[in-house]
Amino acid sequence: SHGVMSSLNEANYNAMDFDAGDVPKKVTRVSDEGLVDHFINHAKSDTVGTISMLWLDWASKNESAECPECLRLAELHSIAVDFPKSGTPAQIDKNLQIPASIPRAHWRERKNTESYHCNSTIGELYDDVILHVKNFGPSKIRQHYNVAIAGRRMTK
C-alpha cells in the first residue's frame, strides 16, 4: 500500500492553464425564445462525454496520458466543462477524432467493432469485475444489489 501511494504522489503534475475564452454577454431580459436557443445550443455543443471517451481511447492507445492528444483533450475538456457557464463550446480538432473502424480497448465494449486487450489499470479492473461476476454468478449478485456493468443489466 505504501508503494502505491508513493508512486501516486510521484505521478502528480502541476495544474494545466488554459484560456477560458470570452465572458458571455449579459442578458437583460430572459425570454422564452432566449431559453429555447440556450438549451438547443447546449444540446448541440455539449462535448464533455465525447472528449472524455476520446481521452480514454488516446491514453489507452498510447499507453500514456502524457501524449500530445491527451494533453490537448484535457484542455478541451476544461473548456467543455465551462461551456454552460461561458457559452464557449469546445471544438474537437479533426486530428483527435478516431474513426469508428479503429479498434478500441476491450473494456469499451463497442458493438460491431474490433477491440484489443488493454492491460491498463482500467482494463485490469474491468477484467476483475467481469471475472468476479462470472464466478459469483449474476443471481447471487441480484440478491444483494441492482447491478449494471458496462451499461448491461445482469440477467440469468
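Positions within a chain are numbered from 1, following the residues in the order the chain's sequence is written. The predicted nature of this model means local features are confined to residues of pLDDT at least 70 and side-chain atom pairs, given and counted, to a pLDDT of 80 or more, with totals for whole chains, interfaces and linings taken over all residues. Water and hydrogen atoms play no part in the side-chain values, which are based on all heavy atoms of the structure.

Take unusual backbone geometry next. One non-glycine residue with positive phi stands out, namely Glu 63, at about 55°. Each helix corresponds to a stretch of at least 4 residues labelled H or I by DSSP, and each strand to a stretch of at least 2 residues labelled E; elements are numbered beginning at the N terminus. With respect to the helices and strands, Glu 63 occurs in the loop between helix H3 (48-62) and helix H4 (68-86). Residue exposure (1.4 Å probe, protein chains only): buried if accessible area is under 20% of the type maximum, exposed if over 50%, otherwise partly exposed. The class of Glu 63 is exposed, set by a relative accessible area of 74%. Here the phi dihedral of Asn 112 falls at roughly 60°; this positive angle occurs in a residue that is not glycine. Within the secondary structure layout, Asn 112 lies in the loop between strand E1 (104-105) and strand E2 (115-116).

We count a salt bridge whenever a side-chain nitrogen from Lys or Arg sits within 4 Å of a carboxyl oxygen from Asp or Glu. Taken as a whole and assessed by the stated rule, the structure comprises 4 salt bridges. Residue Asp 57 pairs with Arg 104 through a salt bridge whose shortest N-O separation is 2.9 Å. On the criterion of sequence distance, the pair formed by Asp 57 in helix H3 and Arg 104 in strand E1 is long-range, its members being 47 residues apart. When sorted by exposure, Asp 57 lands in the same class as Arg 104, which is buried. Across the salt bridge formed by Arg 72 and Glu 75, the nearest N and O atoms sit 3.2 Å from each other. Highlighted residues: Arg 72 and Glu 75, both in helix H4, separated by 3 residues, approximately one helical turn. On the basis of relative accessibility, which here comes to 28%, the residue Arg 72 falls in the partly exposed class. Each of Asp 57, Arg 104 and Arg 108 takes part in a single network of salt bridges with overlapping partners.

Mapped onto the elements of the fold, Ala 90 is located in the loop between H4 and E1. What makes Ala 90 buried here is its relative accessible area of 4%. Put simply, Ala 90 and Ile 51 are 39 residues apart on the chain and 9.0 Å apart in space, counted from C-alpha to C-alpha. Should any heavy atoms of two residues lie within 4.5 Å, those residues are counted as being in contact. If sequence neighbours within four positions are ignored, Ala 90 has contacts with Thr 47, Ile 51, Leu 76, Ile 79 and Ala 80.

Because each turn of an α-helix spans 3.6 residues, side chains separated by three or four positions in sequence point in the same direction. Multiplying one less than the number of residues by 1.5 Å gives the expected span of a helix. The first and last C-alpha atoms of helix H5 (residues 121-136) sit 22 Å apart over 16 residues, in line with the 22 Å expected at 1.5 Å per residue. Within H5, burial applies to Gly 123, Tyr 126, Ile 130 and Val 133. Axial view of H5: buried residues confined to an arc of 95°, hence all on one face. Exposed and oriented more than 90 degrees from the buried face of H5 are Thr 121, Leu 125, His 132 and Asn 135. Each C-beta atom gives one direction from the helix axis, and the arc is the one those directions make.

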